[in-house]
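The residues making up each chain are set out below.
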Amino acid sequence: MSSSSGPLTEELQCSICLDVFTNPVTTPCGHNFCKTCLNKCWDNSQTCKCPLCKEKFKHRPDLKINTTLREVVDHYKKKSPEKKSQVLKKPEVLKKPEVVCEFCEERKQKALKSCLVCQSSYCETHLEPHLTVAGLKKHKLINPGSNLEDYICQKHERPLELFCRDDQTCVCLMCGVTDHKNHNTVPVEEESEEKKTQLMKTQKDVQQMIQDRIKKIQDVKHSAEVRKRNTEEEKAARVELFTDLIRSIERCQTELLEMMEEQQKAAEKQEKELIEELEQEITELKMRNTELEQLSHTEDHLHLLQIYSSRGRSRNTRNWPEISMKTDESLETLRRALTQLQDTLQEKLTLTVSTDLKRMQQYAVDVTLDPDTAHPYLILSDDGKQVRCGDTRQILRNNPERFDNYTNVLGKEGFSSGRFYFEVQVKGKIEWELGVVRESINRKGVITLSPSKGYWTVWLKNGNQYAALSDPRVSLCLRVKPQRVGVFVDYEEGLVSFYDVESSSHIYSFTAQSFTGKLYPYFSPDLNCGGKNSSPLIITPVRYRK
């Protein structure tokens with residue numbers, strides 16, 4: 001709010017005390033005064049009427065303090081305390097100087113009336129002849145003024161008693177029958193009353209504008225409070241989400257390291273047992289080798305043959321070359337851990353997207369297809385909620401709004417601000433296109449689907465090829481085939497987002513876009529493909545749950 005001495009400061013002053021409002025109250029006719037000032041005014045009067053517009057009230061109104069206006073005044077006082085008194089008070093120069101009687105010889109009395117014919121001002125005593133003498137009674141009397149020449153026609157030196165509505169100027173009776181003979185002239189009193197009526201209406205309009213702006217301030221404050229509260233809640237939710245994700249990652253890391261440690265200990269135990277077994281076999285083999293060495297040098301042939309059968313043959317031992325040791329950690333362990341982490345992250349993200357989607361659904365709008373934009377091959381339902389591609393071209397007027405080369409159709413209503421959301425069933429289709437478009441798009445001949453051409457769309461081709469028609473085109477890998485697609489637009493944010501409603505998953509978003517003019521919902525069921533793509537696109541009611 002400005003602290004200058006402009007029109008706004010005058011709107012915050014009481015017309016009785018000429019100072020800034022103190023405990024402002026509002027009369028039934030819409031004018032504002034200090035509560036004390038208005039009560040004093042009514043206490044000193046036999047009737048209760050508005051000091052400004054003079055509207056009378058049958059019963060003395062029960063005055064309640066206008067808390068909204070008081071807050072505005074308090075805000076102004078805090079912002080410019082050093083200027084409030086001098087700025088809001090009317091300058092002394094605006095006060096009319098006191099007019100005195102020109103015929104009082106000793107002590108000059110205050111003038112009661114001024115005569116335009118005599119060009120003089122009179123007190124109550126000296127005014128008497130103008131009220132009683134026949135010739136003087138015809139003179140034009142006005143409230144006392146020091147600039148009586150302003151009320152006299154400079155050309156004819158007669159009182160300005162008429163107002164010319166054609167030339168918007170005051171004239172005398174002589175002007176009315178000469179220069180302004182054929183003009184629309186009325187008595188100045190009549191024109192003045194009409195102008196007063198207009199001024200009263202203008203003043204009421206100004207008062208209403210003040211109230212509207214005061215209410216707007218409250219609305220802005222309320223919106224700011226709601227936004228702040230929502231932001232804090234959103235921040236808390238995001239902190240909780242990322243805290244859960246960090247805990248999940250840390251838990252996965254801990255479990256993986258523990259598993260690897262257990263596997264390492266098991267491998268070390270196995271290695272120790274194998275080494276002990278090998279050392280035992282080496283000891284046994286050395287003893288046998290000694291026996292064999294001794295036996296090979298004996299000269300007793302009969303003895304050699306007798307013990308050879310039991311000691312000469314090789315004993316059954318392990319085939320050690322076939323036994324290998326792992327030097328790397330099992331990849332299966334890591335794979336299982338990463339898969340588990342991926343599932344956890346996907347679950348958290350799905351919950352987050354689901355929450356975001358619910359918030360967007362509160363901006364749902366009622367979309368109806370516009371038959372004036374539909375390609376001649378398209379067949380629209382009677383309620384304008386379904387569209388499919390037919391086999392024959394209908395004979396329709398080729399108006400400028402109609403697509404003539406591609407099976408497209410737009411929604412009836414466009415949006416040039418705020419947020420809006422709608423959902424479309426795509427079940428049973430192998431090809432479709434959805435999104436929003438600029439009102440000024442080309443609808444004739446060859447069309448390029450891209451943001452630079454005014455199209456923000458995604459499509460399905462050949463049953464499983466999803467893409468966002470960006471610059472350049474972006475291929476989309478979707479985990480599940482969407483059955484119902486939600487489209488959300490934030491005009492001021494430059495955002496167009498697509499969601500799989502059933503799985504509460506995000507499909508794609510166009511961000512940081514610059515929108516101009518109206519945006520319209522865009523639909524294309526694509527060609528029938530011999531009945532393979534005959535299912536319609538259906539605009540479905542949004543099931544919004546808080």
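Residues numbered from 1 in each chain as written. Predicted model: local features only at pLDDT ≥ 70, side-chain atom pairs only at ≥ 80, totals over all residues. Heavy atoms only, no water.

K.L.:
Go over helix α2 (residues 35–43), please, and point to the residues and values.
P.N.:
When α2 is considered as a whole, its buried residues turn out to be Cys 37, Leu 38 and Trp 42. Projection of α2 onto a plane perpendicular to its axis shows the buried side chains occupying an angular sector of 125°, all on one side. Opposite its buried face, α2 presents the exposed residues Lys 40 and Asp 43, each directed more than 90 degrees away. Contacts from the buried residues of α2 go to β1 (24–26), β2 (32–34), β3 (48–49) and β4 (56–57). (Buried < 20%, exposed > 50% of the residue type's maximum accessible area, 1.4 Å probe, protein only. Helix = DSSP H or I, 4+ residues; strand = E, 2+ residues; numbered from the N terminus. Arc of directions from axis to C-beta. Contact = heavy atoms within 4.5 Å.)

K.L.:
Residues and numbers for the pairing of strand β17 (residues 465–468), please.
P.N.:
Judged from the 4 bridges that link them, strand β16 (residues 455–461) and β17 form a sheet pairing that is antiparallel. Each bridged residue has a counterpart across the sheet, and for Leu 460 the counterpart in β17 is Tyr 466. Counted between consecutive antiparallel strands, the loop separating β16 from β17 contains 3 residues, among which Asn 462 sits at a positive phi close to 55°. Bridge analysis of β17 against strand β18 (residues 474–476) gives 3 bridges, and the strand direction is antiparallel. Following the sheet pairing, Ala 467 is matched in β18 by Ser 475. (Pairing = 2+ DSSP bridges.)

K.L.:
Let's hear about the sheet that holds strand β21 (residues 505–510): which residues, and what values?
P.N.:
A sheet is described by the order of its strands in space; here 7 strands give the open sequence β11-β12-β23-β14-β19-β20-β21, paired in antiparallel fashion. Each edge of the sheet is formed by a strand with only one pairing partner; in this case those strands are β11 (378–380) and β21. Between one strand axis and the next, the sheet turns by 20° as a mean value, whatever way the strands run. (Axes fitted to C-alpha atoms, helices over the stretch in contact; angles between N-to-C directions.)

K.L.:
Go over the environment of Ile 214 with me, naming the residues and quoting the values.
P.N.:
Structurally, Ile 214 can be placed in helix α8 (residues 188–296). With 145 residues separating them in the primary sequence, Ile 214 and Leu 69 have C-alpha atoms 7.0 Å apart. Excluding its chain neighbours within four sequence positions, the residues that come into contact with Ile 214 are Thr 68, Leu 69 and Val 72.

K.L.:
Residues and numbers for the sheet that holds strand β10 (residues 185–187), please.
P.N.:
Within a beta sheet, neighbouring strands are joined by backbone hydrogen bonds and run either parallel or antiparallel to one another. With respect to topology, 3 strands assemble into an open sheet ordered β9-β8-β10, the strand pairing being antiparallel. For this open sheet the edge positions go to β9 (169–171) and β10, each flanked by a neighbour on one side alone. When strand polarity is set aside, the average angle formed by the axes of neighbouring strands in this sheet is 35°. Of the strand pairs in this sheet, strand β8 (residues 162–164) and β9 are connected by 3 bridges, and their pairing is antiparallel. Bridged to Cys 164 within β9 is Thr 169.

Honestly, it's all geometry; don't read function into it.
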